[in-house]
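Fold and contact review
Here is what each chain is made of, one letter per residue.
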Amino acid sequence: MIERELRPMQAVPDAASAVAQLVTLYEGATSALWEALERYLGGGAPPDASERLAFRYPELRVTYQPNGPLPRLRRATAKLQAGGTYSTTITHPAFFRDYLLRQLEPLVADYGVSLEVGVSAQEIPYPYVLEAGLDPSARQVEAAELATYFPVPLLSVVGDEIADGTFDMVEGEPRPLALFDGVRVDYSLRRLVHYTGCDWREVQPWILLTNYHRYVDQFVRHGLERLASGEEGFERLVLPGGIVVNRGEAEGADPAALLAASPWHRHQMPAYHLVARAPDGSMQGTTLVNIGVGPSNAKTITDHLAVLRPDCWLMVGHCGGLRQSQTIGDYVLAHAYFRRDRILDELVPPDVPVPALAEVQLALQSAAAQVTGEHDDALKQRLRTGTVVTYDDRNWELRFTQERKRINQSRAIAVDMESGTVAAQGYRLRVPYGALLCVSDKPLHGEIKLPGAANAFYDRAVSEHLKVGLAALDGLRADRAGLHSRKLRSFDEPPFR
């Protein structure tokens, strides 16, 4: 049993020791909670108030006491805005080990901070330790009964106030160390399993979001090809429902059979993961999520993906071309977003600019040239940069007389239902973002998707489009640190990315 009064915050000498202690405390807390659940469901006594003291997240504290001006560091993350103590609770520290070390080691080296680890006051909700499920032979108990004796998720302590900059600083309390605390991360990890049909641990740091299932077909083919190529680092392809193709099984595997066997249709936003690791052991693979259509889905999935602190997410989907000069199959590289999605208006008001990220824009344009083989004027014929308008209404054409003036004023060149939301979420949650869209129809010019033409377009365009997105991510991997731009950081930004 762990009691806060007997286990105060303890100083640790370095980042590695801090993470090791976080792992020890977290594993002890979740083991204690699991054992109490098994005992109670087996007919034993419920935990009393004293035993529940053991069911708490570990806490990490960083204290900086400057003896002069703050170091002038140009990097975007692992930076301190002022002297004082910073704190957060941590979940799954073993999984997040690399991330934690990348944040803590520069703080120790450049600021000389002191580190402390201990037990927090925040309980771990019991559903978050039941990932593998309970013994089927255990006594069946209603959720309301379990909530009487075990900690449950409380909406009052799960929120994005830190990320949104709306939290209230309390005199004498530590500043936030990270955008998300332990309970907020756990909430999203379970949501990811629900929506995507995969273990959240399979999500890779480089993410493609699409709004059409045909991109999935191409991604599975690509994953099998990379695994069969013998290229170092690639480990497995993971599909919804726990279907896994390991490196040695990829050659000769049938993509259509794999997709047919995967229960992707049971999940609202199925995800597919090409798992790969860098030479240092860190994850470097790619995840594709078919988010479906609409800004609500786009916000939902990015709310949850953000807690994994991905290196980048890109929208690669279809759009309507708004200019006469465009041709079906052309690309649109979003340089700006005219946000008519409305879903984030309270969190990122429409008059707040969402900037394009130079590193992402250059990577997408370079990838388009690489994959298409076209350059200069020839590439400009296929790829146009400009503003994308994102709507919350798929049938916006039915009110075109009201919308025409705003579209014209915005100089928009394409229309979709997700890109502006994905970009605003990246801006809000500090995840580098971008959008490369493919024109699938021209609603203002009478060029609509007809069955035969649509199929021909899809067969030709989807494969190339996905390859451009994948090539862009390959280019961005070469400079991960440079990708995390300072333009995404607020004045009172927490130290952790």
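The present account deals with the structure reproduced in this document. (Residues numbered from 1 in each chain as written. Predicted model: local features only at pLDDT ≥ 70, side-chain atom pairs only at ≥ 80, totals over all residues. Heavy atoms only, no water.)

Remarks on the packing of helix H6 (residues 182–196) against helix H9 (residues 295–305)
Interhelical geometry of H6 versus H9 gives an angle of 130 degrees and a closest axis separation of 8 Å. By the criterion of interaxial angle, the relationship of H6 to H9 is oblique. As H6 runs across H9, the sense of the crossing is left-handed. From H6, Arg-184, Tyr-187, Ser-188, Arg-191, Leu-192, Tyr-195 and Thr-196 reach across to H9, where they touch Thr-300, Ile-301, Asp-303, His-304 and Leu-305. Of the residues contributing to the contact of H6 with H9, the split by class is five nonpolar, four polar and three charged. (Axes fitted to C-alpha atoms, helices over the stretch in contact; angles between N-to-C directions. Helix = DSSP H or I, 4+ residues; strand = E, 2+ residues; numbered from the N terminus. Parallel < 35°, antiparallel > 145°, perpendicular 65-115°, else oblique. Left-handed = near helix turned anticlockwise from the far one by under 90°. Contact = heavy atoms within 4.5 Å. Nonpolar A, V, L, I, M, F, W, Y, C, P; charged D, E, K, R; others polar.)

With respect to empty space enclosed by the protein
Throughout the structure, instances matching the rule amount to one cavity of 30 Å³ or more. One number sums up the size of the largest cavity: a volume of about 180 Å³. In terms of lining residues, the largest cavity is bounded by 17 residues, among which Ile-90, Tyr-99, Ala-178, Phe-180 and Val-185 are the most central. For the lining of the largest cavity, the secondary structure elements donating two or more residues are strand S3 (84–89), helix H3 (97–111) and H6. (1 Å grid on protein atoms, 1.4 Å probe; cavity = no way out; pocket = protein on both sides within 12 Å on 5 of 7 lines; lining within 4 Å. Points joined across faces, edges and corners; volume = space filled by probe spheres on them.)

A closer look at the environment of Gly-434
The residue Gly-434 is located in strand S16 (residues 433–441) in this model. Gly-434 sits 99 residues away from His-335 along the chain, and the two C-alpha atoms are 8.6 Å apart. Beyond its immediate sequence surroundings of up to four residues, Gly-434 is in contact with Trp-313, Leu-314, Met-315, Tyr-337 and Val-360.

Notes on the environment of Gln-381
Structurally, Gln-381 is set in helix H11 (residues 376–382). It is 25 Å that separates the C-alpha atoms of Gln-381 and Leu-209, two residues lying 172 residues apart in sequence.

Re the pattern of salt bridges
A complete count under the given rule lists 28 salt bridges for this structure. For Glu-59, the salt bridge identified is with Arg-61, shortest N-O distance 2.8 Å. Taking the relative accessible area as the measure of exposure, Glu-59 reaches 8% and is therefore buried. One salt bridge in this structure joins Glu-493 and Arg-430, with 2.9 Å as the shortest N-O distance. One end of the pair, Glu-493, is in the segment after helix H15 (480–483); the other, Arg-430, is in the loop between helix H13 (419–429) and S16, and 63 residues separate them in sequence. By relative accessible area, which is 5% here, Glu-493 ends up buried. Salt bridges sharing common partners tie together Asp-160, Asp-164, Arg-184, Lys-299, Asp-303 and Arg-428. (Salt bridge = Lys/Arg side-chain N within 4 Å of Asp/Glu carboxyl O. Buried < 20%, exposed > 50% of the residue type's maximum accessible area, 1.4 Å probe, protein only.)

Considering the packing of aromatic side chains
Describing an aromatic ring pair means giving the distance of the ring centres and the angle of the ring planes. As enumerated under the stated definition, the model contains ten aromatic pairs in all. Note on Phe-96 and Tyr-99: the rings are 6.5 Å apart at their centroids and 70 degrees apart in plane angle, and the pair reads as edge-to-face. Note on Tyr-391 and Trp-396: the rings are 5.4 Å apart at their centroids and 5 degrees apart in plane angle, and the pair reads as stacked. In this structure, Tyr-391 and Trp-396 share a single accessibility class: buried. Among the aromatic residues, those joined into a cluster by ring pairs are Phe-95, Phe-96, Tyr-99, Trp-200 and Phe-496. (Phe/Tyr/Trp six-rings, centres within 6.5 Å; stacked < 30°, edge-to-face > 60°.)

Comments concerning the environment of Pro-349
The residue Pro-349 is located in the loop between strand S13 (331–340) and helix H10 (358–372) in this model. For the pair Pro-349 and Gly-112, spaced 237 residues apart in sequence, the C-alpha to C-alpha distance is 38 Å. Residues in contact with Pro-349, not counting those within four places in the same chain, are Arg-339 and Leu-344.

What about the layout of surface pockets?
There is about 780 Å³ of room inside the largest pocket. What lines the largest pocket is a set of 28 residues, and nearest its centre among them are Ser-87, Gln-122, Ile-162, Pro-176 and Asp-181. Put simply, the parts of the chain that give the lining of the largest pocket at least two residues each are strand S2 (56–64), S3, strand S4 (114–123), helix H5 (161–164) and strand S5 (175–176). In this structure, the second largest pocket encloses a volume near 430 Å³. Looking at which element gives the most residues to the lining of the second largest pocket, the answer is H3, with four residues. Of the residues that constitute the lining of the second largest pocket, the class distribution is ten nonpolar, four polar and eleven charged.

Thoughts on the pairing of strand S15 (residues 412–416)
Burial analysis of S15 places five of its five residues in the buried class, the great majority of the element. Bridge count for strand S12 (residues 318–321) against S15 is two bridges, and the pairing is antiparallel. Looking at the pairing, Gly-320 lines up with Val-415 of S15. For strand S14 (residues 383–391) and S15, the ladder comprises four bridges, and the chain directions are parallel. In the strand pairing of S15, Val-389 is matched with Val-415. One crossover worth recording links S14 to the parallel S15 by way of helix H12 (residues 400–410), and it is right-handed. (Pairing = 2+ DSSP bridges. Right-handed = clockwise from strand over helix to strand, strands pointing away.)

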